[in-house]
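# Examining the three-dimensional arrangement
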Amino acid sequence: MQTIADRLNSAQKGIDQAANNAHRPPKSVKLLAVSKTKPVSDIMEAYEAGQRMFGENYVQEGVEKVQELSHLDDLEWHMIGPTQSNKTKIVAEHFDWVQSVDREKIARRLNEQRPDSLPPLNVCIQVNIDDEDSKSGVSLSELDALVTFIESQERLILRGLMAIPKANPSEEQQHKSLVKLKELFDHYHTSLSNFDTLSVGMSSDMAEAIQHGSTMVRVGTAIFGKRD
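Rules used in this analysis
- Residues numbered from 1 in each chain as written.
- Predicted model: local features only at pLDDT ≥ 70, side-chain atom pairs only at ≥ 80, totals over all residues.
- Heavy atoms only, no water.
- Helix = DSSP H or I, 4+ residues; strand = E, 2+ residues; numbered from the N terminus.
- Rg over C-alpha atoms; globule rule 2.2 N^0.38 Å.
- Buried < 20%, exposed > 50% of the residue type's maximum accessible area, 1.4 Å probe, protein only.
- Contact = heavy atoms within 4.5 Å.
- Salt bridge = Lys/Arg side-chain N within 4 Å of Asp/Glu carboxyl O.
- Arc of directions from axis to C-beta.
- Core = buried A, V, L, I, M, F, W, Y, C linked by side-chain atoms within 4.5 Å.
- Phe/Tyr/Trp six-rings, centres within 6.5 Å; stacked < 30°, edge-to-face > 60°.
- Lys NZ or Arg CZ within 6 Å of the ring centre and 35° of its normal.

### Re the overall build of the chain
Tallying secondary structure elements over the chain gives nine helices and eight strands in all. Computed over its C-alpha atoms, the radius of gyration of the chain comes to 17 Å, within 12% of the 17 Å expected for a compact globule of 228 residues. Referenced to the eigenvectors of the C-alpha coordinate spread, the extents of the chain come out at roughly 50 × 45 × 30 Å. Relative to its 228 residues, the chain shows a buried fraction of 50%. A separation threshold of at least 6 residues defines the contact pool for the chain, and within that pool the share at least 24 residues apart is 60%.

### Section: the pattern of salt bridges
Applying the stated rule across the entire model yields 10 salt bridges. For Asp74, the salt bridge is made with Arg52, and the minimal N-O distance between the two is 2.8 Å. Residue Asp74 is located in the loop between helix H3 (59–68) and strand S3 (76–79), and its partner Arg52 is located in the loop between helix H2 (40–48) and strand S2 (53–56); the two are separated by 22 residues in the primary sequence. Looking at Asp74, the relative accessible area reads 35%, which means it is partly exposed. Taking the shortest distance from any N to any O, the salt bridge between Lys65 and Glu56 comes out at 3.0 Å. Here the two residues Lys65 and Glu56 agree in accessibility, since each one is buried. Three or more residues joined by partner-sharing salt bridges are found here, namely Glu56, Glu61 and Lys65.

### Remarks on H3
Taken residue by residue, H3 has Val59, Gly62, Val63, Lys65 and Val66 as its buried positions. Buried residues of H3, viewed axially, fall in a sector of 160 degrees; they line one side. Buried residues along H3 sit in contact with H2, S2, S3 and helix H4 (88–94).

### Some details on unusual backbone geometry
One non-glycine residue, His23, adopts positive backbone phi at about 60 degrees. Its identity is not glycine, yet Asp131 carries a phi of approximately 55 degrees, on the positive side. Tracing the sequence through the fold places Asp131 in the loop between strand S5 (121–127) and helix H6 (140–151).

### Remarks on the nonpolar core
Ranked by size, the top nonpolar core spans 62 residues in total, and within it Leu110, Ile125, Leu143, Ile150 and Ile223 carry the most contacts. When residues in this core are grouped by element, the largest group, six residues, is from helix H1 (residues 4–21). Beyond its immediate chain neighbours, meaning those up to four positions away, Ile223 contacts Ile4, Arg7, Leu8, Ala11, Leu31 and Ala33. Counting residues in hydrophobic clusters, the runner-up holds eight residues, among them Val34, Met53, Trp97 and Cys124.

### Quick notes on the packing of aromatic side chains
Taken as a whole and judged by the stated rule, the model has three aromatic pairs. Seen in terms of ring centroids, Phe54 and Trp77 are 5.9 Å apart; in terms of plane orientation they differ by 40 degrees. Their pairing is tilted. Here Trp77 lies in strand S3 and Phe54 lies in strand S2, a separation of 23 residues in the sequence. Each member of the pair, Phe54 as well as Trp77, is classed as buried. An angle of 45 degrees between the planes, with centres 5.6 Å apart, marks the rings of Tyr188 and Phe195 as tilted. Judged by its relative accessible area of 1%, Phe195 falls in the buried class. A cation over an aromatic ring shows up here: Arg52 above the ring of Tyr47, its NZ or CZ 3.7 Å from the ring centre.

This is how it looks when you write it as structure tokens:
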């Protein structure tokens, strides 16, 4: 039976192979282990195997894990799920990154509520790349305005873009979406000094995302197994 360490190793090998196939250095793609709904014991197994970056989707569950593992000062916690305005304070106080910022109100509250005792909060803008009604994310027409606003906030650092492309797309649709994301990323990367992250790709589409420039893949099932 495979352990979490085994699966983590397999995921990393998959990333390295995909990067190699895309003629990119393996270290150009980071692995974010998505630990939502999984117990702290699973996170500790991954930690002991060398993983340091973890992503959570649910605010209260994530904060409880951050607090329980606060003695480990080299962990990096990413909020990747939707953040409601009534939860921004607790997110700003506990997480290192928020990848799901999709409107000015959330960015403003995160900036105002980020404690001065902590470094500025790293944020990514979630883009609704396929314009799906069921998905969170800023529309392409509103992206420039949100970039400009976040750049003006002293307690936030705009690190890049995050997206969840359409599930089970055609090859043509997948290619089109990933190409558009890379174009957007390159556009801002050339003009913004801290803009270095394109967070796209999960267990099922990791290789394709890396082929199209992803710098961070979010992998849960392939590391921790199916969710209960």
